[in-house]
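One-letter residues, chain by chain:
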Amino acid sequence: MGMIEVNNKYSTILVRQQREVLHIQLNRPEQYNSINTLMANELLEVLKEVKQNTKVKIIVLSGNENQFCTGMDFEAVANQQKEALMNQQPDQYYNVLKAISEIDKVVIAKVEGKVNAGGIGLVAASDIVLANSQATFGLSEALFGLLPACVMPFLMQRTGPQKAKWLTLITLGISAERAYEIGLVDEVTDEIDNLLRKNILRLSRLETNTIQEIKSYTAKLWIIKEDTKTIAVNKLQTLMESETVQKNIKNFIEKGEYPWER
């Protein structure tokens with residue numbers, strides 16, 4: 001199996017290294033693995049650190065059985081907490097997606113349970129997406145008067161613009177099989193650990209330089225440029241500051257009420 005090194009210095013993620021594989025598990029189960037400033041910063045920190053680790057070729061990003069990631073921590077937003085991503089570092093979530101897509105390692109998203117909103121961004125930015133049959137994928141932002149502005153460039157890269165727009169408009173969760181059909185997921189299985197093992201075995205044979213060349217070359221061929229970040233973050237900030245959106249989020253957190261139920 002090889003030596004397992006566990007890193008305990010993070011509070012929102014669990015990090016362990018096993019030979020050439022770094023496992024990063026999102027670990028805010030009581031908040032449904034939603035993303036706050038601390039999680040974004042810790043993800044960026046570990047991605048920055050692993051860049052220097054020439055031994056690591058593969059990063060496995062996972063959640064837990066019930067949820068992979070449910071997006072922005074709306075509770076932190078509604079309560080004006082400093083941990084709220086948009087209040088403190090509005091571009092930090094985009095920075096995470098960019099770091100995942102650009103890092104010179106193969107990033108595998110191991111998806112079980114629910115993926116929603118910003119969680120879709122983590123999936124879309126990954127190089128390989130493996131999902132178990134029970135996983136669901138949804139973009140619910142439009143229900144609150146928002147757009148998945150930072151998710152969209154990475155989602156379009158994965159699925160093409162039409163399916164990215166479709167997923168944004170329907171606001172419903174789709175099955176793992178449907179996500180596979182539109183290209184958001186690469187493989188669906190009932191035996192996700194076995195599938196992950198097979199992928200790791202194959203990928204570990206690649207030279208680190210080859211992985212780097214593949215990722216940097218494909219990045220040059222796609223539309224995500226320096227100004228994409230500015231466009232995406234500005235759009236999200238403008239919408240987040242709107243009174244309607246603020247009210248919708250507050251009602252959802254305080255009363256469990258969706259905008260159309262009032």
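Structure report, in brief. Keep in mind it's a predicted model, so treat the numbers as computed, not measured.

## Quick word on the pattern of salt bridges
For step 1, the next point in the chain: As enumerated under the stated definition, the model contains 12 salt bridges in all.
For step 2, the next point in the chain: For arginine 28, the salt bridge goes to aspartate 73, with nearest N and O atoms at 3.2 Å. Separated by 45 residues along the polypeptide, arginine 28 in the loop between strand S3 (21-26) and helix H1 (37-51) and aspartate 73 in the loop between strand S5 (67-69) and helix H2 (74-78) bring together distant segments of the chain. Pair check on accessibility: arginine 28 and aspartate 73 agree, each one buried.
For step 3, the next point in the chain: We note a salt bridge from lysine 98 to glutamate 102, for which the minimum N-O separation is 3.2 Å. Remark: glutamate 102 and lysine 98 occur in helix H4 (residues 92-102); sequence separation between them is 4 residues, near one turn of the helix.
For step 4, the next point in the chain: Given a relative accessible area of 48%, glutamate 102 falls into the partly exposed group.

## Description of the environment of serine 11
For step 1, the next point in the chain: Mapped onto the fold, serine 11 is located in the loop between strand S1 (4-7) and strand S2 (13-18).
For step 2, the next point in the chain: Separated by 28 residues in the primary sequence, serine 11 and methionine 39 place their C-alpha atoms 8.1 Å from one another.

## A short note on the side chain of glutamate 112
For step 1, the next point in the chain: Along the chain, glutamate 112 falls in the loop between strand S6 (106-111) and strand S7 (114-116).
For step 2, the next point in the chain: Excluding its chain neighbours within four sequence positions, the residues that come into contact with glutamate 112 are Asn64, Glu65, Asn66, Gln67, Phe68, Asn132, Ala135 and Ile192.

## Things to note about empty space enclosed by the protein
For step 1, the next point in the chain: Using the criterion set out here, one finds 1 cavity of 30 Å³ or more in the structure.
For step 2, the next point in the chain: By volume, the largest cavity amounts to about 40 Å³.
For step 3, the next point in the chain: Every residue lining the largest cavity is listed: Ile24, Leu43, Leu47, Ile59, Leu61, Ile100 and Val107.
For step 4, the next point in the chain: Of all the elements in the fold, those that place two or more residues in the lining of the largest cavity are H1 and strand S4 (58-62).
For step 5, the next point in the chain: Considering only residue class, the lining of the largest cavity consists of 7 nonpolar, no polar and no charged.

## Things to note about the packing of aromatic side chains
For step 1, the next point in the chain: This structure, assessed with the given rule, holds 3 aromatic pairs.
For step 2, the next point in the chain: A ring pair is formed by phenylalanine 144 and phenylalanine 252, whose centres lie 5.3 Å apart and whose planes are at 75 degrees; its orientation type is edge-to-face. Of this pair, phenylalanine 144 sits in the loop between strand S9 (136-138) and helix H6 (152-159) while phenylalanine 252 sits in helix H12 (residues 243-255); the two residues are 108 residues apart in sequence, bridging distant segments of the chain.
For step 3, the next point in the chain: Exposure remark for phenylalanine 144: the relative accessible area of 3% places this residue in the buried category.
For step 4, the next point in the chain: Members of the aromatic cluster, each reached through a chain of ring pairs, are Phe74, Phe144 and Phe252.

Reading the values: rules and limits
- Residues numbered from 1 in each chain as written.
- Predicted model: local features only at pLDDT ≥ 70, side-chain atom pairs only at ≥ 80, totals over all residues.
- Heavy atoms only, no water.
- Salt bridge = Lys/Arg side-chain N within 4 Å of Asp/Glu carboxyl O.
- Helix = DSSP H or I, 4+ residues; strand = E, 2+ residues; numbered from the N terminus.
- Buried < 20%, exposed > 50% of the residue type's maximum accessible area, 1.4 Å probe, protein only.
- Contact = heavy atoms within 4.5 Å.
- 1 Å grid on protein atoms, 1.4 Å probe; cavity = no way out; pocket = protein on both sides within 12 Å on 5 of 7 lines; lining within 4 Å.
- Points joined across faces, edges and corners; volume = space filled by probe spheres on them.
- Nonpolar A, V, L, I, M, F, W, Y, C, P; charged D, E, K, R; others polar.
- Phe/Tyr/Trp six-rings, centres within 6.5 Å; stacked < 30°, edge-to-face > 60°.

Interpretation note: all reported values are geometric properties and have no functional meaning in isolation.
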